[in-house]
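A closer look at the structure
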Amino acid sequence: DKDIKTYPDPTWYQTGSSWLYITPFGIREQLKYIKENYGGNTEIYITENGCSDTAGNLDDFARVYYYKRYINNVLKAIKLDQVNVKGYAAWSLMDNFEWSVGYTEKFGIHAVDFNNPERPRTMKESAKLYQKIINDNGFVEEHPCVTGGSKAVVISFLLLPLMFFLCVSMKH
């Protein structure tokens, strides 16, 4: 019993969980708070970060949106605020049983077919994004720019210096 009342901002995106809103700026603020209040060089490992949905689609673009923005804010905390983040793990690698809601909310970046006794796993779009971030060691965002009839590529958010925790290979 928290004995508190919450008032989420109506502009925040809600996830599949009634208690969970997408507020990427918050993770950066929390990381800065830890640095300022628990020692400037405290090693931080983010062991669960993610969001739920109830549809369970493979094209989980809300989760893609979530990870792009949260990981980018962790990167900002590292690069701009000098927070000593050493690790980051997605919540969760695969859909699973959530203790209070069973299988109705999906947190995984891999879908699990619970109707099949072999429980096959399938990568969602969020898993493909996470895999790309790991393979590229950070964000490489391409923006076609037209300059004199030719196209250029602007590369941003390079070199995310984190150790990503993976329990299974994300390659096919």
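Check the entry above for the structure.
In this report, we go over the structure that sits alongside the text. (Residues numbered from 1 in each chain as written. Predicted model: local features only at pLDDT ≥ 70, side-chain atom pairs only at ≥ 80, totals over all residues. Heavy atoms only, no water.)

What about the overall build of the protein chain?
On a plain count of helices and strands, the protein chain comes out with 3 helices and 9 strands. Counting all 172 residues of the protein chain, 38% fall into the buried class. Considering only contacts within the protein chain whose residues lie at least 6 apart along the sequence, 60% involve residues at least 24 apart. When the accessible area of the protein chain is evaluated, it comes to approximately 10,800 Å², of which 54% is carbon and sulfur surface. (Helix = DSSP H or I, 4+ residues; strand = E, 2+ residues; numbered from the N terminus. Buried < 20%, exposed > 50% of the residue type's maximum accessible area, 1.4 Å probe, protein only. Contact = heavy atoms within 4.5 Å. Areas by Shrake-Rupley, 256 points an atom, 1.4 Å probe, with all protein chains shown as cover.)

So, helix α1 (residues 24-37)
Here α1 contains 14 residues, and its C-alpha end-to-end distance of 21 Å stays within 8% of the 20 Å for a straight helix at 1.5 Å per residue. Taken together, the buried positions of α1 are Pro24, Gly26, Ile27, Arg28 and Leu31. Of the surrounding secondary structure, the elements contacted by the buried residues of α1 are β2 (21-22), β3 (44-49), α2 (61-79) and β4 (85-90). Positive phi shows up at glycine 39, right after α1, with a value of about 105 degrees. (Expected span 1.5 Å × (residues − 1).)

Some points on unusual backbone geometry
Across residues other than glycine, the phi torsion is negative in most instances, and most of the peptide bonds are trans. For the bond from tryptophan 91 to serine 92, the omega torsion is 10 degrees, close enough to zero to count as cis. Relative to the assigned elements, serine 92 resides in the loop between β4 and β5 (110-112). You will see that glutamine 82, though not glycine, has its phi angle at about 55 degrees, which is positive. Of note, glutamine 82 is situated in the loop between α2 and β4. One non-glycine residue, arginine 119, lies in positive phi territory at about 50 degrees. Residue position: arginine 119 is located in the loop between β5 and β6 (121-123). Relative accessible area serves as the criterion here: at 34%, arginine 119 is assigned to the partly exposed category.

Notes on α2
Helix length check: α2, at 19 residues, gives a terminal C-alpha distance of 27 Å against a target of 27 Å (1.5 Å per residue), a fit within 8%. Listing the buried residues of α2 in full gives Arg63, Val64, Tyr66, Tyr67, Tyr70, Ile71, Asn72, Asn73, Val74, Leu75, Ala77 and Ile78. Contacts from the buried residues of α2 go to β2, α1, β3, β4 and α3 (125-136).

Digging into the pattern of salt bridges
Under the counting rule described, the total for this entry stands at 7 salt bridges. One salt bridge connects aspartate 81 with arginine 28, and the closest N-O pair in it is separated by 2.6 Å. Of this pair, aspartate 81 sits in the loop between α2 and β4 while arginine 28 sits in helix α1; the two residues are 53 residues apart in sequence, bridging distant segments of the chain. Pair check on accessibility: aspartate 81 and arginine 28 agree, each one buried. The shortest N-O distance in the salt bridge between aspartate 60 and arginine 63 comes to 2.7 Å. With relative accessibility at 1%, the residue arginine 63 sits in the buried group. Residues joined in a network through salt bridges with shared partners are Asp53, Asp60 and Arg63. (Salt bridge = Lys/Arg side-chain N within 4 Å of Asp/Glu carboxyl O.)

As for the pairing of β4
With 5 of 6 residues buried, β4 lies mostly within the body of the structure. Where β3 and β4 come together, 4 bridges link them in parallel fashion. Bridging across to β4, isoleucine 44 finds its partner in valine 85. You can see the chain leave β3, run along α2 and come back into β4, and the turn it takes is right-handed. (Pairing = 2+ DSSP bridges. Right-handed = clockwise from strand over helix to strand, strands pointing away.)

Here's the deal with the nonpolar core
Counting residues in hydrophobic clusters, the biggest one holds 29 residues, and the most contacted among them are Leu31, Ile46, Tyr67, Ile71, Val74, Val85 and Tyr88. Among the elements of the structure, α1, β3, α2, β4 and α3 are those that each provide at least two residues to this core. Each residue touching tyrosine 67, except ones within four places of it in the same chain, is listed here: Asn49, Gly50, Asn72, Tyr88, Ala90, Trp91, Ser92, Ile109, Ser126, Leu129 and Phe139. (Core = buried A, V, L, I, M, F, W, Y, C linked by side-chain atoms within 4.5 Å.)

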